[in-house]
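# Results of the structural survey
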Amino acid sequence: MNAGNFLNMLEEAGFDFFTGVPCSYFTPFCSLLAQRETSFHVAAVREDIAVGVAAGAYMAGKTPVLYMQNSGLGYSLEAFASLQMIYRIPALVLMSYRGPEDRGWEEHRVMGEHTEDLLNAFNLEYALFRGDISDRRVREIGRYLRDREQPFFLLVTKGALV
Amino acid sequence: MNRLEAIQCVVDGLPGDELIVHANGVISRDSFYCADRKENFYLLGSMGLASSVGVGVALSRPDRRVLIFDGDGNILMGFGNLALIGALKPSNLIHLVFDNEAYGTTGNQPTLSARVSLSEAARASGYLSAALVTRRRELLEVMPTLYRAPGPHFLQIKVSRDVPVTGPRIPYSAREIKERFMKVLGNRSD
C-alpha cells in the first residue's frame, strides 16, 4: 500500500499526532511524516520515550499513533503496562514485524519469534497489516481505541508500506 | 533544604493553574502531601518517563505552562529525554529535578548525579536555560525568572536526603488520575 494513502486514511480517521522510532519498513512513511504539516510529528529517541510522549499527547487532546520496530516492543512493554494499560490511554501502534517471515537477521530472531506471544501475554490486541486495509477497518480500530481505551497494534509486514 | 521543603517552596510559588507532571515514587508523594491540585498528574510507575509525558502534554497544549517534577534517578534512566526536549524546545516547559543523589523510594541507594552534572547535560542538550541551585533562597529567587522567560528551562535543585515525613501513597487509581487531569485540560476520555 502507498504510504501516503495510508497516512491520509489515518488522518481522515482522526489521528493527528505521530511519534516513534524508524524502521526500514517505514522509510517512505517516515519521510512523508517529516514533511507533513497537517499532523504533529515527534521523532523520538527511544520507543519507551515515544510511548510516554504519546500518553501525554492523548491526555492533552490528541489522537496518537506510535510507530516502531518490534525490537522496540521489549523496550516499551513496561511503558505500555504502567501507562497506557492501567491509566487507560489508547494508541494505535504501527509495529514493523521483523518476524518469522523475515528470516536471516540473527538480531531479530528471538524477538521475532515471540512478538505475538508477548502481545498475547499482555492481552494487547493486534492484527497483521500486509498492505491492504479499508477505511472501514481503520474506523473500526478508531472505535476500538475510544471504547476500550487500550493500545491496538498493527504488525506491519515487509513491503506492506511503500 | 530537603526534598519536601523544595517541593513546598515551588508549589507555594506557583503563579496559577500550571500543569505538573510528576515522576513516580516519593516525588509524587511529597507533592501530593504539599498540595493535591487538580492540575497534577502522577506517574505511579514508568520510571524515566515523566519528562516524556510532560513534553507530550507541552507540545500538544502550547497555551498551557507545563512543569515536570523529576528526580535524579528518573533523569538518568530516561537520559534521552534531555536531548528530545533540548531539540524540540517547547517554550512552555519547565523541567525541575529534585536531586538527592539517591534512589529515595527504594532505600537511598546512590545515583550517578553526585558525579555527573545533570544541569550541564541539559545545557548541552539545548534547553534555553539550565541552572543548579542548592539553597532555598536561590530557589525562591530563580523560580519567578523561569516563569517570565520562554523555555524550555531546566533547574537542578540539590536536596538533602532528610525525610521529615513521608507522604501517603497516592490514593487514586491510575484511571482516576488520568480522568481528573484530562478534565482540567477540557478533554474527556469517554
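Here the residue numbers are simple positions, counted from 1 along each chain's written sequence. Naming scheme: in the order in which they are written, chains are lettered from A and ligands are numbered from 1. Totals for whole chains, interfaces and linings use every residue, but because this is a predicted model, local features are given only for residues with pLDDT of at least 70 and side-chain atom pairs only at 80 or more, for both listing and counting.

### Details of the overall build of chain A
Here is the rule we go by: Strands here mean DSSP runs of E at least two residues long; helices mean DSSP runs of H or I at least four residues long; both are numbered from the N terminus. Only C-alpha atoms enter the radius of gyration; for comparison, a globular chain is expected to reach 2.2 Å times N to the power 0.38, where N is the number of residues. Labels follow a simple rule on C-beta atoms placed from the backbone: if 20 or more others lie within 10 Å of a residue's own, it is buried; if 12 or fewer, it is exposed; otherwise it is partly exposed. We call two residues in contact when the distance between their C-beta atoms, placed using the backbone, is within 7 Å.
Broken down by element type, chain A carries six helices and six strands. Helices and strands appear in chain A in the N-to-C order α-β-α-β-α-β-α-β-α-β-α-β. Taking 2.2 N^0.38 as the reference for a compact globule, 162 residues should give roughly 15 Å; the C-alpha atoms of chain A span a radius of gyration of 14 Å, in line with that estimate. With respect to the three principal axes, the spread of C-alpha positions in chain A is 40 × 35 × 30 Å. Residues classed as buried in chain A amount to 46% of the 162 residues present. Within chain A, contacts between residues at least 6 apart in sequence are counted, and of these 80% link residues at least 24 apart.

### Digging into the overall build of chain B
Counting its secondary structure elements, chain B contains eight helices and eight strands. For 190 residues, the compact-globule formula gives about 16 Å, and the C-alpha radius of gyration of chain B, at 15 Å, lands near that figure. By principal-axis analysis of the C-alpha atoms, chain B measures approximately 45 × 35 × 30 Å. For chain B, the proportion of contacts with a sequence separation of at least 24, taken over those separated by at least 6, is 74%.

### Considerations on the interface of chain B and chain A
Each side of the interface is counted separately: chain B has 28 residues, and chain A has 26 residues. Breaking the side of chain B that touches chain A down by element, the ones donating at least two residues are α3 (50-60), α5 (80-88) and α8 (174-184) of chain B.

### As for helix α7 (residues 136-148) of chain B
Those residues of α7 of chain B lying buried are L139, M143 and L146 of chain B. Here the buried face of α7 of chain B lies against α1 (3-12), β4 (93-99), β7 (129-133) and β8 (153-158) of chain B.

### Side note on the environment of I133 of chain A
Position of I133 of chain A among the secondary structure elements: in the loop between β5 (125-129) and α6 (135-148). Its 18 C-beta neighbours within 10 Å are what place I133 of chain A among the partly exposed residues.

### Here's the deal with the confidence of the model for chain B
Any region with low pLDDT has predicted coordinates that should not be read closely. Note the following rule: Confidence scores labelled pLDDT are given residue by residue by the predictor and lie between 0 and 100.
Mean pLDDT over chain B works out to 96, with 99% of the residues at or above the 70 mark. Quick note on the complex model: pTM equals 0.97, ipTM equals 0.97.

### Details of the sheet that holds strand β3 (residues 66-71) of chain B
Residue and element names in this part refer to chain B. Where we set the bar: What makes two strands pair is DSSP finding at least two bridges between them. For helices, the axis comes from a line fit to the C-alpha atoms of the stretch in contact; other axes are also lines fit to C-alpha atoms, and the angle between any two N-to-C directions lies between 0 and 180 degrees.
Read from one edge of the open sheet, six strands run β2-β1-β3-β4-β8-β7, paired in parallel fashion. Every other strand in the sheet has two partners, leaving β2 (40-42) and β7 as the edge strands with one partner each. Taken over all neighbouring pairs, the strand axes of this sheet differ in orientation by 15 degrees on average, direction set aside. In the sheet, strand β1 (residues 19-22) pairs with β3 via four bridges, with the strands oriented parallel.

### Observations concerning the sheet that holds strand β4 (residues 91-96) of chain A
Residues and elements named next belong to chain A. Pairing is parallel across the open sheet formed by six strands, whose spatial order is β2-β1-β3-β4-β6-β5. A strand with exactly one partner marks an edge of an open sheet, and here the two such strands are β2 (40-43) and β5. Within this sheet the neighbouring strands show an average axis-to-axis angle of 20 degrees, counted without direction. Here four bridges tie strand β1 (residues 17-20) to β2, and the two strands are oriented parallel to one another. Following the sheet pairing, G20 is matched in β2 by A43.

### As for the nonpolar core
Which entries qualify depends on this criterion: Residues of type Ala, Val, Leu, Ile, Met, Phe, Trp, Tyr and Cys that are buried and joined through C-beta atoms within 7 Å form what is called a nonpolar core.
Formed by 105 residues in total, the largest nonpolar core has its most connected members in L66, M95 and V156 of chain A together with L96 of chain B. When residues of this core are assigned to their parent elements, the largest contribution, nine residues, is made by helix α3 (residues 47-59) of chain A. With sequence-adjacent residues up to four places away left out, M95 of chain A is seen in contact with M68, N70, L73, F153, L154, L155 and V156 of chain A.

### A look at α8 of chain B
Spacing of three or four residues puts side chains on the same side of an α-helix, whose turn is 3.6 residues. Inclusion rule: Think of it as the arc spanned by the lines of direction from the helix axis to the C-beta atoms.
By the burial criterion, the buried members of α8 of chain B are A174, I177, K178, F181 and M182 of chain B. In a view along the axis of α8 of chain B, the buried residues occupy a sector of 125 degrees, so they form one face of it. In α8 of chain B, those exposed residues whose orientation departs by more than 90 degrees from the buried face are E176 and K183 of chain B. Those residues of α8 of chain B that are buried are in contact with α3 and α4 (71-87) of chain A together with β2 of chain B. Just past α8 of chain B, the residue G186 of chain B takes up positive phi, approximately 80 degrees.

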